[in-house]
Every structure is written in C-alpha cells, then in structure tokens.
Amino acid sequence: MNFELDATNQKILEALVANARIPITELSKKVGLSKTPVTYRIKQMEDVGLITGYRAILSPLKLGLTNVTYIEVRVSDTRQKALEEFNAAVRSIPEVEECYMIAGGFDYQIKLRSRDMAHYREIMAEKISALPYISSTTSYVAMEAVVEQSWLSL
C-alpha cells in the first residue's frame, strides 16, 4: 500500500491524539476536507499500522496512584528463554506501567505506579522481587512529573 504522511495526515493525527472521539464532521472542518476523504485517510493510517488503536486514558492521580518509581533491574541470566520468562512475568504485574529492555549497565527499566511508599514496598517485596532471574534492583522515586506525553510531535 502506498502511504504518505503529508501535512493533512499530520493534522488528522494531531486532532485524533488530542481527542480520539472527535466527530468526523468536526475533524473534516479542522483539516479542510469532506468527511469521505478524512474517513479514507484514517482507514489508510489504520491499515498501514500508523494508528494502532483507540483507548481511554485514565488519570493515575485520580485513581490514587500518586507514587512513581523507576526501577533498574539486573537479571542473572540473559539467554532468550530466561528473558522470555522475565518478560511474561513482568507483564502480569498490573502496577507496572512500562518496562523496557535496556542496553547498558542494567538489563531492564520498569516504571511502577503505586499509592504510596508502603504500597510500593509491598509491590517490590511480593511481585518485583519474585520475578524470575532477578539479580538486583535499584529504585528511583520521582518527585514531580515535568513532562508526560503519550506521543511525539510529528
């Protein structure tokens, strides 16, 4: 499929990121096209995998998850089977907001949300420390979110 991320597609994406529930009529007015070509462009961006889905974004603060901790994880085994087991286990922890495999001085970085330090300690003791192949962890508690965004500007 031939696809180009032109200025109009960028405007459509910016509007959808700001409000994925924007009516097509309103979106059409914003980008200066009728409903049919806007609908076609959205479908095309979905088909090529640029738009991967739509979701409700919940406020962690309103849910009482005010504590953010970043955890550096070192594992004792980096063979593929061990990494797959670790990955599957960390995905099952609902308080883990993000987890990345890292090339550097440690193996994984986890972003964890909790209610408070007592809740964080409970998650560390019962869930994070129980992950397979954990060798060591180092934690950093965030004091303030300076920038949080769900997408990069185009």
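Coordinates for the structure precede this section.
Calculation criteria
- Residues numbered from 1 in each chain as written.
- Predicted model: local features only at pLDDT ≥ 70, side-chain atom pairs only at ≥ 80, totals over all residues.
- Heavy atoms only, no water.
- Core = buried A, V, L, I, M, F, W, Y, C linked by side-chain atoms within 4.5 Å.
- Buried < 20%, exposed > 50% of the residue type's maximum accessible area, 1.4 Å probe, protein only.
- Helix = DSSP H or I, 4+ residues; strand = E, 2+ residues; numbered from the N terminus.
- Contact = heavy atoms within 4.5 Å.
- Salt bridge = Lys/Arg side-chain N within 4 Å of Asp/Glu carboxyl O.
- Pairing = 2+ DSSP bridges.
- Axes fitted to C-alpha atoms, helices over the stretch in contact; angles between N-to-C directions.
- Parallel < 35°, antiparallel > 145°, perpendicular 65-115°, else oblique.
- Nonpolar A, V, L, I, M, F, W, Y, C, P; charged D, E, K, R; others polar.
- Arc of directions from axis to C-beta.

Engineer: Could you give an account of the nonpolar core, naming the residues involved and the relevant values?
Structural biologist: Judged by nonpolar contacts, the single largest core of 17 residues is most densely connected at I71, I110, L112, I128 and L131. Elements with a minimum of two residues in this core: β1 (67-75), α4 (80-91), β3 (108-114) and α5 (117-128). Beyond its immediate sequence surroundings of up to four residues, L112 is in contact with N67, V68, T69, I71, E95, V96, Y120, I123 and I128. Judged by nonpolar contacts, the second largest core, of 11 residues, contains L16, I22, I42 and M45.

Engineer: Got a sec to walk through the pattern of salt bridges? Specific residues and values, please.
Structural biologist: Pairing between side chains becomes possible if they bear opposite charge and their charged atoms approach one another. Counted by the stated rule, this structure contains 8 salt bridges. Note that R113 and E97 form a salt bridge whose closest N and O atoms lie 2.6 Å from each other. With R113 in strand β3 and E97 in strand β2 (residues 96-101), this residue pair connects regions lying 16 residues apart in the sequence. For R113, a relative accessible area of 7% translates into the label buried. What emerges from the salt-bridge pattern is a single network uniting E97, K111 and R113.

Engineer: Can you lay out the sheet that holds β1 for me, pointing to particular residues and giving the numbers?
Structural biologist: With respect to topology, 4 strands assemble into an open sheet ordered β2-β3-β1-β4, the strand pairing being antiparallel. Strands at the two margins of the open sheet, each flanked by one partner only, are β2 and β4 (134-141). The average undirected angle you get between the axes of adjacent strands in this sheet is 20°. The pairing of β2 with β3 spans 5 bridges and is classified as antiparallel. Note that in β3 the partner of E98 across the bridge is K111.

Engineer: Provide a residue-level description of the packing of helix α2 (residues 24-31) against helix α3 (residues 35-47), including the pertinent values.
Structural biologist: Remark: α2 packs on α3, axes separated minimally by 9 Å, with the N-to-C direction vectors making an angle of 95°. Comparing the axis directions of α2 and α3 gives the class roughly perpendicular. Residues I24, T25, L27, S28 and V31 of α2 touch α3, and the partners they reach there are K35, V38, T39 and I42. Classifying every residue of the contact of α2 with α3 gives 5 nonpolar, 3 polar and 1 charged.

Engineer: So what's going on with unusual backbone geometry? Residues and values would help.
Structural biologist: Even without a glycine there, the phi angle at Y133 is positive, about 70°. Secondary-structure assignment places Y133 in the loop between α5 and β4.

Engineer: How would you sum up α2? Please name residues and give values.
Structural biologist: The complete set of buried residues in α2 reads L27, S28 and V31. In a view along the axis of α2, the buried residues occupy a sector of 105°, so they form one face of it. Counted as exposed and oriented over 90 degrees from the buried face of α2: K29 and K30. Where α2 is buried, its residues meet α1 (7-18) and α3. Phi turns positive, to about 80°, at G32, one or two residues after α2.

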